[in-house]
Amino acid sequence: MEIISNPTQNEIKRAAKALKDGHLVAFPTETVYGLGADATNEKAVSRIYSVKGRPTDHPLIVHISSINLLEKWAIDIPDYAIKLANEFWPGPMTLILKKSVLANDYITGGQSNVGLRVPAQPIALALLAEFEKNGGFGIAAPSANRFGAVSPTNAADVSEELSKYLNRSDTIIDGGRCSVGLESTIIDCTRSAPMILRPGAITEEMINYSTGIGGAKNIEKSHISVPGSLESHYSPKALVLIGISPRQGDGFIAMSEIPTPHGVIRLSSPNSIEQYAKDLYRALRLGDKKGLERINVALPEGPGLAQAIRDRIYKAAFR
Ligand code: TXA
Ligand code: MG
């Protein structure tokens, strides 16, 4: 496995070629790092599942370079989905749409819908553009972590977690830290109104404002199964505790205005909600690297992105 840092255009071309040849390329997006494979190559996609140790009925998001490829992968696209795509792509938003014949069962986990996203990260977009120039249609990429673990937000975390499962011909592209730090908002666009299946940086308020129709966010009401929304997902090894007094030797994550209790190990002190999102997964992983048994988290307050952060913290805390 090769690690390429701050890739040149030629190195991006080489990585795109490797993808086209059926190898895996882990790459940065603005949300988290993805583990990519040619979305039309069954063998390559099956390696994603084995490297991640992920059940095969969990569908993958197909990444495309622009809205122009939407109709290759999806059919019966509602007007509100086109509005969302025009407004928020490239960006941290995945649309679930009725699949075209191009989206095989090995991408959709056997479901009749496909998840699509145009990431807003220069390296990811350059890689997609090169891949499509080589005749590719899209890159399937889940978060580049082992199944059930916290998503990686930098290349060192990808390499630490996956290098022993990757081959010599696979690549990790290091593009620095992810700017958003939480996985994309997933929106079910298969019904008359959008429904949020996973909260993220594109918030309910933004979606409602853009489409002009109400956006339900209650996941139980959806007819689509989202295996990644299993309660016990995104967990570090340490026990994550919410809103109780930290004990001596606990890790601690809280907004910067909350002081560190005596004898407690501060893992993150973000001074904004955006910073909290960006730093959360690094901080949880840091707790594990320090071998901590417990990580105490003070939940951020408020709507929007804070809601997405709380969602991930609840999932990390679930046992
Ligand atoms: O920000 C992100 O979305 C990152 C970056 C790499 O793009 N990707 C990511 O992928 O978080 P993953 O596979 O770790 O999580 C995607 C979630 C999974 O829970 C999966 O079940 C759900 O999206 N999903 C994907 N396609 C779907 C579909 N067709 N129907 C329902 N859920 C789907
Ligand atoms: Mg994931």
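Residues numbered from 1 in each chain as written. Chains lettered and ligands numbered in written order. Predicted model: local features only at pLDDT ≥ 70, side-chain atom pairs only at ≥ 80, totals over all residues. Heavy atoms only, no water.

K.L.:
Whenever I open this one, the sheet that holds strand 13 (residues 251-253) confuses me. Can you help?
P.N.:
Reading across from one edge, 12-15-13-14 is the order of the 4 strands in this open sheet, with parallel pairing throughout. For this open sheet the edge positions go to strand 12 (239-242) and strand 14 (265-268), each flanked by a neighbour on one side alone. Averaged over neighbouring strand pairs, the angle between their axes works out to 30° when direction is ignored. One ladder, built from 3 bridges, connects strand 13 with strand 15 (residues 294-297); its direction is parallel. Residue pairing in the sheet places Ile253 in a bridge with Val297 of strand 15. The strands that helix 9 (residues 273-289) touches are strand 12, strand 13, strand 14 and strand 15; relative to strand 14, the one it contacts most, it runs at about 135°. Contacting strand 12 and strand 15, helix 10 (residues 305-317) crosses the sheet at an angle of about 130° to strand 12. (Pairing = 2+ DSSP bridges. Helix = DSSP H or I, 4+ residues; strand = E, 2+ residues; numbered from the N terminus. Axes fitted to C-alpha atoms, helices over the stretch in contact; angles between N-to-C directions. Contact = heavy atoms within 4.5 Å.)

K.L.:
Hey, could you run me through the domain arrangement of the protein chain in this one?
P.N.:
A common measure of how large an interface is: the accessible area buried when the components associate. The domains assigned to the protein chain are domain 1 (2-211) and domain 2 (239-317). With 24 residues of domain 1 at the contact, the number on the domain 2 side is 17 residues. For the domain 1 face of the interface with domain 2, the top three residues by lost area are Val150, Arg177 and Leu182, together amounting to 35%. Applying the counting rule to domain 1 against domain 2 returns 5 salt bridges. The residue Asp279 makes a salt bridge to Arg177 at a minimum N-O spacing of 2.8 Å. Viewed at the interface, domain 2 and domain 1 are joined by 8 residue pairs in polar contact (both at pLDDT 80 or more). Mapped by element, the contributors of at least two residues to the side of domain 1 that touches domain 2 are helix 7 (155-162) and helix 8 (204-211). Here the side of domain 1 that touches domain 2 gets 3 residues from one element, more than from any other, and that element is helix 7. (Domains from an automatic or database assignment. Buried area = accessible area lost by both parts, 1.4 Å probe. Salt bridge = Lys/Arg side-chain N within 4 Å of Asp/Glu carboxyl O. Polar contact = N/O pair within 3.5 Å; in protein donor to acceptor, adjacent residues only side chain to side chain.)

K.L.:
Would you explain the layout of surface pockets in this entry?
P.N.:
Taking a probe equal in size to a water molecule and rolling it over the atoms shows the remaining empty space. Quantified by volume, the second largest pocket comes out at close to 340 Å³. Around the second largest pocket, the lining is made up of 14 residues, and of these Ala149, Glu161, Lys237, Arg285 and Asp288 lie nearest the centre. Sorting the residues of the lining of the second largest pocket by element identifies helix 7 and helix 9 as the ones contributing at least two each. Here the residues of the lining of the second largest pocket are counted per class, giving 4 nonpolar, 1 polar and 9 charged. (1 Å grid on protein atoms, 1.4 Å probe; cavity = no way out; pocket = protein on both sides within 12 Å on 5 of 7 lines; lining within 4 Å. Points joined across faces, edges and corners; volume = space filled by probe spheres on them. Nonpolar A, V, L, I, M, F, W, Y, C, P; charged D, E, K, R; others polar.)

K.L.:
Please explain the site of ligand 1 as it appears in this structure.
P.N.:
In the vicinity of ligand 1 lie 26 residues, with Thr31, Arg54, His63, Ser143 and Ser184 positioned nearest. Between ligand 1 and Thr31 there is a distance of 2.7 Å, counted from an oxygen atom to a side-chain nitrogen or oxygen. Between Arg54 and ligand 1, the recorded distance is 2.9 Å, taken from a side-chain N or O atom to an oxygen atom. It is strand 7 (residues 113-117) that contributes the most residues to the shell around ligand 1, 4 residues altogether. Split by residue class, the shell around ligand 1 holds 12 nonpolar, 10 polar and 4 charged. (Near = heavy atom within 4 Å.)

K.L.:
How should I be thinking about the nonpolar core in this particular structure?
P.N.:
Note on soluble globular proteins: their nonpolar side chains tend to be buried together. Membership of the largest hydrophobic core comes to 47 residues, with the highest contact counts inside it found for Leu35, Leu84, Leu95, Leu97, Ile107 and Leu116. Of all elements in the fold, only strand 3 (34-38), helix 2 (42-52), helix 3 (70-73), helix 4 (79-88), strand 6 (93-99), helix 5 (105-108), strand 7 and helix 7 reach the threshold of two or more residues within this core. Formed by 24 residues, the second largest nonpolar core is a distinct cluster that contains Tyr276, Ala277, Leu292 and Ala308. (Core = buried A, V, L, I, M, F, W, Y, C linked by side-chain atoms within 4.5 Å. Buried < 20%, exposed > 50% of the residue type's maximum accessible area, 1.4 Å probe, protein only.)

K.L.:
What exactly am I supposed to notice about the pattern of salt bridges here?
P.N.:
Side-chain pairs of opposite charge can arise whenever the charged atoms involved come near each other. Scanning the model with the defined rule gives 15 salt bridges in all. A salt bridge links Lys289 to Asp157; its shortest N-O distance comes to 3.1 Å. Taken together, the positions of Lys289 in helix 9 and Asp157 in helix 7 put the pair 132 residues apart, joining distant regions of the chain. Between Arg282 and Asp279 there is a salt bridge, with its nearest N and O atoms 2.6 Å apart. With Arg282 and Asp279 both in helix 9, this residue pair falls 3 residues apart, about one helical turn. A relative accessible area of 9% places Asp279 in the buried class. The structure contains a network of salt bridges with shared partners spanning Asp157, Glu161, Arg285 and Lys289.

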